[in-house]
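The residues making up each chain are set out below.
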Number of protein chains: 4
Amino acid sequence: MTHKVAILGASGYTGAELVRLISQHPSIEIAALAAERKAGLTMAEVFPHLRHLDLPTLCKISEIDFSQIDLCFCALPHKTSQEVIAALPKDLKIVDLSADFRLRDPAEYEKWYGNPHAALEQQEEAVYGLTEFYRDEIRGARLVAGTGCNAATGQFALRPLITSGLIDLDEIILDLKCAVSGAGRALKENLLHAELSEGYNAYAIGGTHRHLGEFDQEFSKLAGRPVKVQFTPHLVPANRGILATTYVKGDAEAIHAAFVSAYADEPFIEVLPFGTAPSTHHVRGSNFCHIGVTADRIEGRAIVIAALDNLTKGSSGQALQNANLMLGEDETAGLMMAPLFP
Amino acid sequence: MTHKVAILGASGYTGAELVRLISQHPSIEIAALAAERKAGLTMAEVFPHLRHLDLPTLCKISEIDFSQIDLCFCALPHKTSQEVIAALPKDLKIVDLSADFRLRDPAEYEKWYGNPHAALEQQEEAVYGLTEFYRDEIRGARLVAGTGCNAATGQFALRPLITSGLIDLDEIILDLKCAVSGAGRALKENLLHAELSEGYNAYAIGGTHRHLGEFDQEFSKLAGRPVKVQFTPHLVPANRGILATTYVKGDAEAIHAAFVSAYADEPFIEVLPFGTAPSTHHVRGSNFCHIGVTADRIEGRAIVIAALDNLTKGSSGQALQNANLMLGEDETAGLMMAPLFP
Amino acid sequence: MTHKVAILGASGYTGAELVRLISQHPSIEIAALAAERKAGLTMAEVFPHLRHLDLPTLCKISEIDFSQIDLCFCALPHKTSQEVIAALPKDLKIVDLSADFRLRDPAEYEKWYGNPHAALEQQEEAVYGLTEFYRDEIRGARLVAGTGCNAATGQFALRPLITSGLIDLDEIILDLKCAVSGAGRALKENLLHAELSEGYNAYAIGGTHRHLGEFDQEFSKLAGRPVKVQFTPHLVPANRGILATTYVKGDAEAIHAAFVSAYADEPFIEVLPFGTAPSTHHVRGSNFCHIGVTADRIEGRAIVIAALDNLTKGSSGQALQNANLMLGEDETAGLMMAPLFP
Amino acid sequence: MTHKVAILGASGYTGAELVRLISQHPSIEIAALAAERKAGLTMAEVFPHLRHLDLPTLCKISEIDFSQIDLCFCALPHKTSQEVIAALPKDLKIVDLSADFRLRDPAEYEKWYGNPHAALEQQEEAVYGLTEFYRDEIRGARLVAGTGCNAATGQFALRPLITSGLIDLDEIILDLKCAVSGAGRALKENLLHAELSEGYNAYAIGGTHRHLGEFDQEFSKLAGRPVKVQFTPHLVPANRGILATTYVKGDAEAIHAAFVSAYADEPFIEVLPFGTAPSTHHVRGSNFCHIGVTADRIEGRAIVIAALDNLTKGSSGQALQNANLMLGEDETAGLMMAPLFP
């Protein structure tokens, strides 16, 4: 059986990545592609790399007949997303890729995003979309909130440790290195090739990055008490990839064993041999996440490093993985492509 | 029915690319991976991006039982390839990715490659592997010689014009821009990141690049008289992609029409609207070739530009496309993945 | 004696490059930096790489007391530049980096730039700023029009041949590979790191690039009859550099000899040994231009390749070289820094 | 007065960088360039970006008449360097850029570098070359040991804090992001453009990087008790730059004040306004080091980030700064060039 999906926000990178992935999916068909400002254009005009595909012309959201749609991907900017989703049919399955439905507490949402939430009803029913840890809820969900790409990476590196008693919960540092596509297609000086390539820097230092809202929510919930991590993202001159270097206090070998056990049956999480460092080179364009654990020379300290592709496992791949569950398909359908290297 | 294949030279880029592609193929199974100097290692150790796959351990060629192999990909350096292939079973289907069996005339081979050919018998039976133009011969071939990646790109941009009478055959200039993976995994100073990134240059200028042997052979054969093109390759700081900017004398609109017609039924060749320039950005990691035709402001001159991914359509993708034909499979099996952008 | 200069358009790349160069100049002092939209900011806020310098705060042009200024660099967008320059004191020495005063014929200006020229008086007195060929005029000029960066590169590769009788003037092809900083700090999707890196493409194909106006003007003037070249620029993923691969018909060795002779006394033009290809890697951040000549395998054809840094020799370095002449300083003052490699 | 210098190891990146810098120095002349394997070649053949300079031909060390040399730069690999220096005249001023004379304790040297030290006499007299902290000793030294580039960056970010009592000395984490030129011109697969660009990873994780020997030595000496830091370097796809993100426990504003005070008179150290993140983009090709301090959202934690160019301030620029002191020249001579951006 073929499922018909719509993608709202098809002119952005996560929208295009969804099309790339779904083009290889055995049982999902793209029935509508919406992009308000580019409505009327073909997808080939907006993204020439997709010109070989037979795709619907870009339209406005208002032109879509949602009664013909089995599931809708929302790849819109946050804030826009909540407004659009509030107006969609109440029984339509939705995977949202924005930040709008990730935080359970409306006050937390407003604190991190600056505006009161405009779709509280939908927010309440939304399920957090980190597939490996919310699989059952996602299977039965109507609205799934895709996680932040940094938030996903950090959680893959830390969740199995939060409840394990293996690490000191008050001494967690995440130093993230992020590629530029995570910033989307936004026209900003610092995202220009001339300004971004050949150098790198930290940004949102000091605990101001919005994905901290997700870390706080999820880690505190897991631990049953407030957990606050230190998180510094860096922008590096590459297009895809997030590398989370995580500094924790605990026994490295026990931590490695915990990861091996926690992810033993996961199709997309690869725990590397002890002492091995993962690289974003080895996950590009794929839905895999590589995790490595190493002991520091200082006793009682470990370094956990996770690598994934922000556009795939960190965003559109995760979204499709969740959609597969919601549609009753094999969770890995359309997602087993190997990374692109070199 | 599943076909069993061996890949000789699995520790190079074209070998790894074959594994990436075949990992998504519905009816081909990798039964053996050979790499003389890395025999005994797992593929995950040599190429960590393939660690999610269940693959045979790297072995020596001598360890392979070819009676269990339906088709063998040879991704070895030229000269080595002819020696290895001469010693393989005479009825084994082979797709060779090296330069060894591309040139029909042993004297031409020696002229361009510097050594006398050591497998003349096999050379004689080899079929030139430019699928779109040798489809029938390839279907029935035992040994197919994959084309040079630059040679493939230039031919996609020129073959339909050579026999058409539309252009002046003595006034063809190919200015190619090549990404670095075409040079393979060779350890050379000019291929280091520090020396290659941030700049670019021509190389093999003046008509000394070996792929000229293929252009001469194919274009002269097509035209029924000697045709010599001018060809200057450039090395640019990117990993995948060849862009052939071809300067010809002829009517641009007629040339465009000739391309539209010649490639109308080709699954992998996309002729862009008249006046549009293709980009290597839009074919990365895919088996597609994009072709654009534009009229110059000087009357009677046209610019034909072709873009493809040297590792995929220019090498391993082409090899799999040919293998599909040789094995009686759908020509496009395992090859319809969309390009990776951004 | 110290000369006081103003830089109008200090928040763009060519403005910043001027500051970089002048910071090492023995006898030029920056007295004013104007940037209309960023007036009030310090240069360190706009360009943190210049924070070690003691510079005037950015101001509006109207705030500058030009009676205290010996020479003014205009690094403004074309069209804006002519409006601003028309209003500046009539005796102020000016080096303009925009396109506004490059073309002698107002009709040609309008043809290529789309608007009627608004400063015809100044246009008439302007001297074309290709230092090596207009040295005497520049020395006595009040207003010098900096050349286009592509136009400069192509002219270094061709001017000595136009009057020599060594090449066929109707068979000249320029295939240019340009780095991205030539496009300035403009916010466009195709200039984003995510869209530009990892691939490359031709643009303005078919003879539509505005720098053709300069080629036509200069080459025709030199030849004493209309000369039209074919010119295709390409955008490559690097920040600085232009490589002009020029295809001409003529004797390569004679051409090389002509270059050696023409540039024998030039401090910034390096003619490489015959058969050697220059690289943009080897001129980055410097005011040098490297030129190589090679014979093609087809008799009677030669390839001339020129490489320079578009922001330095192609723009701000050229501007300072001209300013040196206009101010009676040593032409090379502040310009002898070695390229940055790697 | 002009000082004559020799550069041993002129065919590597730090050797070439020395030539670049010295080419603009008012009172240093390069009298000899040695490179054993490339002896007989011109520098232009080895590094075409230096072809405009009038330089001595590359020779063997044994061919240099050291009686004519005022100061010798050794840019040789470690281990080779100690052997060569042991054989040089005992009164020759030397700036060594290798690791051989950085560690005071021969046992520590052997622990980190694996071989017993072969020039103990010279090791004993060597002065550690971190100019800003050893200025007086360097001025009177015969042999100065240039620091590791990572070690320099980490020390600029931490030294003022070690003696201040402002931070917890047992809780220091250095997460470094290093560009590739720090690895030198070594031919290794992971340094190829195809393997390094487009991704990034940690290496030498767990406290195995050799520069830890320097951190241990210097920080323990400063503190008067053993201090061990946690240090994880990462390789990022850029050619120049080190960014040290340092996590410390202490009051961020007090830390910032300590930096402002400590570096108030330093010509090359720029302390950014509180809360500002430095970028390697803004120090490329220069001898500047930018330092930023930010408070984390978790009280009592601060992030100190330092950025410099590994080849300049981290190596050859530092070496020239030290040579200036040893020769009685202005410390900043030849070193005030602005960074290259973009």
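Residue numbers here run from 1 along each chain, matching the order of that chain's written sequence. Here every chain gets a letter starting at A, and every ligand a number starting at 1, in the order they are written. Local features in a predicted model are, by the rule used here, given only for residues with pLDDT of at least 70; side-chain atom pairs are given and counted only at 80 or more, and totals for whole chains, interfaces and linings are based on all residues. Only heavy atoms go into the side-chain values, all of them from the structure, while hydrogens and water stay out.

Enquirer: Talk me through the relation of the copies chain D and chain A; I want residue IDs and the actual numbers.
Expert: Applying a rotation about an axis and a shift along it to one chain copy brings it onto the other copy. Superposing chain D onto chain A takes a rotation of 180 degrees combined with a translation of 0.0 Å along the rotation axis, leaving an RMSD of 0.0 Å. Expressed as an axis order, the relation between the two copies is that of a two-fold axis. By C-alpha distance to the rotation axis, the residue of chain D lying nearest is P237 of chain D, at 3.3 Å. Looking at chain D, 100% of its interface residues are interface residues in chain A too, so the copies touch through the same face. In superposing the copies, a least-squares fit is computed on C-alpha atoms, taking residues whose pLDDT is at least 70 in both. Contacts are residue-level and defined by heavy atoms, with any inter-residue pair within 4.5 Å sufficient.

Enquirer: How would you summarise the pattern of salt bridges if you had to cite specific residues and measurements?
Expert: Just to be clear on terms, a salt bridge is a Lys or Arg side-chain nitrogen sitting within 4 Å of an Asp or Glu carboxyl oxygen. In total, this model carries 93 salt bridges over all chains according to the counting rule given. Between E198 of chain D and R284 of chain B there is a salt bridge, and its shortest N-O distance comes to 3.1 Å. Placement of the pair is E198 of chain D in the loop between α8 (193-196) and β9 (201-202) and R284 of chain B in the loop between β12 (269-271) and β13 (289-295), with the two residues belonging to separate chains. Through salt bridges with shared partners, one network takes in E171, K249 and R301 of chain B together with E171 and K249 of chain C. Where helices and strands are cited, they refer to DSSP runs of H or I of at least four residues and of E of at least two residues respectively, numbered from the N terminus.

Enquirer: Break down the relation of the copies chain B and chain A for me, citing the residues and quoting the values.
Expert: The two copies are related by a screw motion: chain B maps onto chain A through a turn of 180 degrees and a shift of 0.0 Å along the axis, at an RMSD of 0.0 Å. An overlap of 100% is found between the interface residues of chain B and their copies at the interface of chain A, pointing to a shared contact surface.

Enquirer: Could you give an account of the state of the cysteines, naming the residues involved and the relevant values?
Expert: Residue and element names in this part refer to chain C. Two cysteine sulfur atoms make up a disulfide if the distance between them is within 2.5 Å. Applying the stated criterion to the full structure yields zero disulfides over all chains. Of all cysteine sulfurs, the one in C74 lies closest to C72, which takes part in no disulfide; the gap is 4.5 Å. Burial classes: relative accessible area under 20% of the type maximum marks a residue as buried, over 50% as exposed, and values in between as partly exposed (1.4 Å probe, protein chains only). For C72, a relative accessible area of 0% corresponds to the buried category. Here C178 is not cross-linked by a disulfide; its sulfur's nearest cysteine counterpart is in C149, at 6.6 Å. Judged by relative accessible area, which is 4%, C178 ranks as buried.

Enquirer: How would you summarise the UniProt feature "active site" (unreviewed entry) in chain A if you had to cite specific residues and measurements?
Expert: Residues and elements named next belong to chain A. The UniProt feature table records "active site" (unreviewed entry) at C149. Positionally, C149 belongs in helix α7 (residues 149-162). Contact partners of C149, with chain neighbours within four places excluded, come to H211, I242, N310 and G314. UniProt positions are given in the numbering used here, feature names are shortened, and annotations may be inferred rather than shown by experiment.

Enquirer: Go over the sheet that holds strand β5 (residues 93-96) of chain D, please, and point to the residues and values.
Expert: DSSP-based pairing: two strands are paired if at least 2 bridges between them are found. Taken together, the seven strands give an open sheet; going across it, the order is β3-β2-β1-β4-β5-β7-β6 (chain D), and neighbouring strands pair in parallel fashion. Two strands close off the open sheet at either side, each with one partner strand: β3 (58-59) and β6 (127-128) of chain D.

Enquirer: Lay out the interface of chain D and chain A with the relevant residues and their values.
Expert: With 57 residues of chain D in contact, the opposing surface of chain A contributes 58 residues. Summing both partners gives a buried area of about 4,500 Å² for chain D against chain A, and 53% of it is carried by carbon and sulfur. Summed over the three residues of chain D that lose the most area to chain A, namely Y200, Q230 and R297 of chain D, the buried surface amounts to 20% of that side. At the boundary of chain D with chain A, the tally comes to eight salt bridges. Polar contact criterion, stated in full: a pair of N or O atoms within 3.5 Å, where within protein one must be able to donate a hydrogen and the other to accept it, and residues adjacent in sequence count only if both atoms are side-chain atoms. Applying the counting criterion to the chain D and chain A interface returns 42 residue pairs in polar contact (both at pLDDT 80 or more). Elements supplying a minimum of two residues to the side of chain D that touches chain A: β8 (173-178), α8, β9, α9 (212-223), β10 (230-235), β11 (242-249), β13 (289-295) and β14 (301-308) of chain D. Residues belonging to the side of chain D that touches chain A are distributed by class as follows: 27 nonpolar, 16 polar and 14 charged. Once two parts are brought into contact, the accessible area they lose, counted with a 1.4 Å probe and summed over both, makes up the buried area. Lys, Arg, Asp and Glu make up the charged group, whereas Ala, Val, Leu, Ile, Met, Phe, Trp, Tyr, Cys and Pro make up the nonpolar group; the residues left over, Gly among them, are polar.

Enquirer: Give me the sheet that holds strand β12 (residues 269-271) of chain A: which residues, what numbers.
Expert: By definition, the strands of a sheet pair up through backbone hydrogen bonds, in either a parallel or an antiparallel sense. Residue and element names in this part refer to chain A. As summarised here, the arrangement of the seven strands in space is β9-β10-β8-β11-β14-β13-β12, forming an open sheet in which the pairing is mixed. The sheet is open, and its two edges are formed by β9 (201-202) and β12, each paired on a single side. Pairing geometry for strand β11 (residues 242-249) and strand β14 (residues 301-308), over eight bridges, is antiparallel. Each bridged residue has a counterpart across the sheet, and for V248 the counterpart in β14 is A302.

Enquirer: Pulling in residues and values, what's your account of the UniProt feature "domain: Semialdehyde dehydrogenase NAD-binding" (unreviewed entry) in chain A?
Expert: Sequence positions flagged by UniProt for "domain: Semialdehyde dehydrogenase NAD-binding" (unreviewed entry) are, in local numbering, residues 4-141 of chain A. Note that residues 4-141 of chain A is 32% helix and 17% strand, and that its end C-alpha atoms are spaced 18 Å apart.

Enquirer: Give a detailed account of unusual backbone geometry, specifying residues and quantitative values.
Expert: All names here are of chain B. Going from F341 to P342, the amide bond is cis rather than trans, its omega being -5 degrees. Relative to the helices and strands, P342 resides in the segment after α11 (312-326). With phi around 45 degrees, A204 is a residue other than glycine that occupies positive phi space. Among the structural elements, A204 can be located in the loop between β9 (201-202) and α9 (212-223).

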